[in-house]
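For reference, the chains in residue letters:
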Amino acid sequence: MKLLNLIFRNILRHKLRTFLTILGIAIAVLAFGVLRTVVTAWHSGVDAAAADRLITRHAVSFIFPLDYAYKDQIARIPGVETVSWANWFGGVYIDKQKFFARMGVDAETYFDVYDEFQLTPEELKNFKQQRNSCVVGQDLADTYGFKIGEPIVLEGDIYPGQWEFIVRGIYQKKNKSTDGTLMVFHWDYLNENMAQNSPNRASDVGWYIVKIDDPSKAGDISERIDQQFSNSSASTKTETEVAFNQGFLAGFSAMFTAMDVMSFLIVGIIMLVLGNTMIMAARERTREYAVFKALGFTGSHLTKIIMGESLLTSLIGGLLGLGLMVLAVGAFEATLPKGWFPVFQLEPSTIILSILAVIIIGVAAAIFPIQRALSTRITEGFRFVG
Amino acid sequence: MSALIQVKNLSKSYWREKFEIPVLNNISLNIDAGEFLGLMGPSGSGKTTLLNMIAGIDKPSDGEVVVDGNVISGMSESQLAAWRANNVGFVFQFYNLIPVLNAFGNVELPLLLTKLSKAERQQQVETALRIVGLSDRIDHYPKQLSGGQQQRVAIARAIVTDPVILVADEPTGDLDKASAEEILALMERLNKEFEKTIVMVTHDPRAAESASIVHHLDKGDLVKEVVQ
């Protein structure tokens, strides 16, 4: 405590240098946090995946359809509780910038399988009753002002034509990591249109969602499903929802690995910046440290003085960076079109990692100056000309 | 009664690469309590080295230094640090004040190593600054003080713990004549009025006149002792 005054005074010794160092740390923490938020947001689909859901898709790629008839065969496999299905619709809402996921789903089973999307019984009943109804997530509704009873018009691309849906439900998220940006409507509505206008695409299913009774049997059940269709025209690949989501992200993995690496490189760079500042400070104060030693201050005292200065500088920069990070992530969240990232929020793990990084930077930057201060003899220190 | 400071057969040499450079050769010296001793000699004669060993900031190659019954030449670094904190006050040629601390903070520094309360520390700092005549400059930073005033703050820092000995290395070397006289008068007062034992290195014969005994060194040997 007695040394705190000295530590504060030392930090304020070169105000511009300290300010620039703190600003550098703050910007680095900000960049680190935003990059990590993007990476974690991108992976949030994997994190939100349930262990008791399997995804059955075409063995070649999920862009190839499966037959509607598969559902009954899958449902007969022991361990399968519910079979639901979905098709990726694509389409454009007003313009291509307003992107969010739109899917045709089995209205009867979809919300049983995805119980993290929470509708009131009345909303669910209304959705099931009306063929051209749709349900949107709360986040999506907030962004575009969708209200119950209002229409949403989409311009189809994979499924050409103009499609009009009536909002009959706005689902709430069960967890913070639940995707609140989906729009789902009746697969039957889609299929009826296909049967009329593109009969060869009728009864196409994008993928099946299979709810199982025991997550530990996921491997066995997946194998049995795939065996069932191994000799059919569209063989399947069944995997857990986690693996499916991971596979979906795999195409972007290089980019996100690069972002991951970059976020840690930023920490390394700022460690060098603070280290350089501390080394300069220690060099300038070689004579002062000799005075301290002559007066009876020990290595432990000098370690506290130097480490305290380094840690305090780093922590001030880190806290400033965290504050900026909260603002920046909030601004990104408000600015980014809903649907780009299902969940874009500052994770506790990012905050903890940032604080840890700041502490590590503070400690590491002080090591060399401390070593120098301790190893310089008093008489050498007095002779030092900085 | 034995002397307060006993320097016994002290030798010191430094190594520069593979060359041994002798600095002090078998020096023996006794300094009584309350004495004001001056060390004079040309540059490189070893006077600062001798002072450093008496103050416990350097160690001899051979021989020993005994201060107030403690063989300081045999102490470890941590023992020496504690010993210096309790027994030695330092006055340097270039004052060596900490620029980010005001006069109060600089004088308080050695007291941070004690168990004194904040109020007790404040009282001692104010007393020390009053003795050196700088009570009105307690909040001033080194850059706001003249050279002579900075040296007086340094002297206040040296006496604030009431040490056994004061060591001064060229305390007037960086000062104008008037300031130097003030500092020497202050040191004489500390010696006579407060009975401080002072060991002072100086080049300046006028400064040496303040000392009661002056030892002359040349090339590492004590060559002359003058009692004044």
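Residues numbered from 1 in each chain as written. Chains lettered and ligands numbered in written order. Predicted model: local features only at pLDDT ≥ 70, side-chain atom pairs only at ≥ 80, totals over all residues. Heavy atoms only, no water.

Concerning the environment of B:Thr127
Residues and elements named next belong to chain B. If you trace the backbone, Thr127 turns up in helix α4 (residues 118-131). Distance from Thr127 to Ser76, taken between C-alpha atoms, is 33 Å for residues 51 residues apart in sequence. Within polar-contact distance, the side chain of Thr127 engages the backbone oxygen of Gln123 at 2.8 Å. (Helix = DSSP H or I, 4+ residues; strand = E, 2+ residues; numbered from the N terminus. Polar contact = N/O pair within 3.5 Å; in protein donor to acceptor, adjacent residues only side chain to side chain.)

Comments concerning the interface of chain B and chain A
A common way to express how large an interface is: the accessible area buried when the components associate. Contacts between the two partners involve 25 residues from chain B and, on the opposite side, 21 residues from chain A. Together chain B and chain A conceal approximately 2000 Å² of surface at their shared face, both sides included; 66% is due to carbon and sulfur atoms. Between A:Arg377 and B:Asp58 there is a salt bridge; the shortest N-O distance is 3.0 Å. Where chain B packs against chain A, one counts 7 residue pairs in polar contact (both at pLDDT 80 or more). Looking at the side of chain B that touches chain A element by element, the count peaks at 3 residues for helix α2 (residues 77-87) of chain B. Looking at the side of chain B that touches chain A residue by residue, the classes come out as 16 nonpolar, 3 polar and 6 charged. (Contact = heavy atoms within 4.5 Å. Buried area = accessible area lost by both parts, 1.4 Å probe. Salt bridge = Lys/Arg side-chain N within 4 Å of Asp/Glu carboxyl O. Nonpolar A, V, L, I, M, F, W, Y, C, P; charged D, E, K, R; others polar.)

Comments concerning the sheet that holds strand β4 (residues 62-67) of chain B
Residue and element names in this part refer to chain B. Judged by pairing direction, the sheet is antiparallel, and its 4 strands sit side by side in the order β2-β1-β4-β5 without closing on themselves. The outermost strands of the open sheet, each flanked by one partner alone, are β2 (19-31) and β5 (70-71). Direction of pairing for β4 relative to β5: antiparallel, over a ladder of 2 bridges. When the sheet's bridge partners are listed, Val67 is paired in β5 with Asn70. (Pairing = 2+ DSSP bridges.)

Structural notes on the nonpolar core
By size, the foremost hydrophobic cluster in this structure holds 83 residues, and its most contacted members are B:Ile5, B:Leu50 and B:Val199. The element that contributes the greatest number of residues to this core is helix α2 (residues 15-48) of chain A, accounting for 10 residues. When residues no more than four places from it in sequence are discounted, the contact partners of B:Leu50 are B:Val7, B:Leu10, B:Leu24, B:Ile27, B:Leu29, B:Leu39 and B:Leu217. Membership of the second largest hydrophobic core comes to 39 residues, among which are B:Leu97, B:Leu134, B:Met187 and B:Met200. (Core = buried A, V, L, I, M, F, W, Y, C linked by side-chain atoms within 4.5 Å. Buried < 20%, exposed > 50% of the residue type's maximum accessible area, 1.4 Å probe, protein only.)

A closer look at the pattern of salt bridges
Taken as a whole and assessed by the stated rule, the structure comprises 23 salt bridges over all chains. Linked by salt bridges that have partners in common, A:Arg53, A:Glu116 and A:Glu241 make up one network.

Some points on the confidence of the model for chain B
Taken as a whole, chain B shows an average pLDDT of 93; of its residues, 100% reach a score of 70 or greater. Between the elements of chain B, mean pLDDT differs from a low of 84, seen in strand β10 (residues 221-227) of chain B, to a high of 97, seen in helix α3 (residues 103-108) of chain B. (pLDDT = per-residue confidence, 0-100.)

A short note on the side chain of A:Glu116
Residues and elements named next belong to chain A. By the secondary structure assignment, Glu116 is in the loop between α4 (110-113) and β5 (117-118). Taking the relative accessible area as the measure of exposure, Glu116 reaches 9% and is therefore buried. Polar side-chain contacts of Glu116 include one of 2.6 Å to the side chain of Arg53.

So, the packing of aromatic side chains
Within the structure shown, the criterion is met by 28 aromatic pairs over all chains. Judged by centre distance (5.4 Å) and plane angle (75 degrees), the ring pair of A:Tyr93 and A:Phe146 falls under edge-to-face. Here A:Tyr93, found in the loop between β3 (80-88) and β4 (102-105), pairs with A:Phe146, found in the loop between α6 (138-144) and β7 (151-156); they are 53 residues apart in sequence, far enough to count as distant. The burial state of A:Tyr93 is the same as that of A:Phe146; both residues are buried. Between B:Phe90 and B:Phe92 the ring centres are 5.7 Å apart and the planes differ by 5 degrees, which places this aromatic pair in the stacked class. What makes B:Phe90 buried here is its relative accessible area of 3%. With relative accessibility at 9%, the residue B:Phe92 sits in the buried group. (Phe/Tyr/Trp six-rings, centres within 6.5 Å; stacked < 30°, edge-to-face > 60°.)

Overview of the packing of helix α5 (residues 147-159) of chain B against helix α6 (residues 177-192) of chain B
Residues and elements named next belong to chain B. Contact geometry for α5 and α6: axes closest at 9 Å, N-to-C directions at 20 degrees. Judged on the interaxial angle alone, α6 and α5 are roughly parallel. The handedness of the crossing between α5 and α6 comes out as right-handed. From α5, Gly148, Gln151, Arg152, Ile155 and Ile159 reach across to α6, where they touch Ser179, Glu182, Ile183, Leu186, Met187 and Leu190. Split by residue class, the contact of α5 with α6 holds 6 nonpolar, 3 polar and 2 charged. (Axes fitted to C-alpha atoms, helices over the stretch in contact; angles between N-to-C directions. Parallel < 35°, antiparallel > 145°, perpendicular 65-115°, else oblique. Left-handed = near helix turned anticlockwise from the far one by under 90°.)

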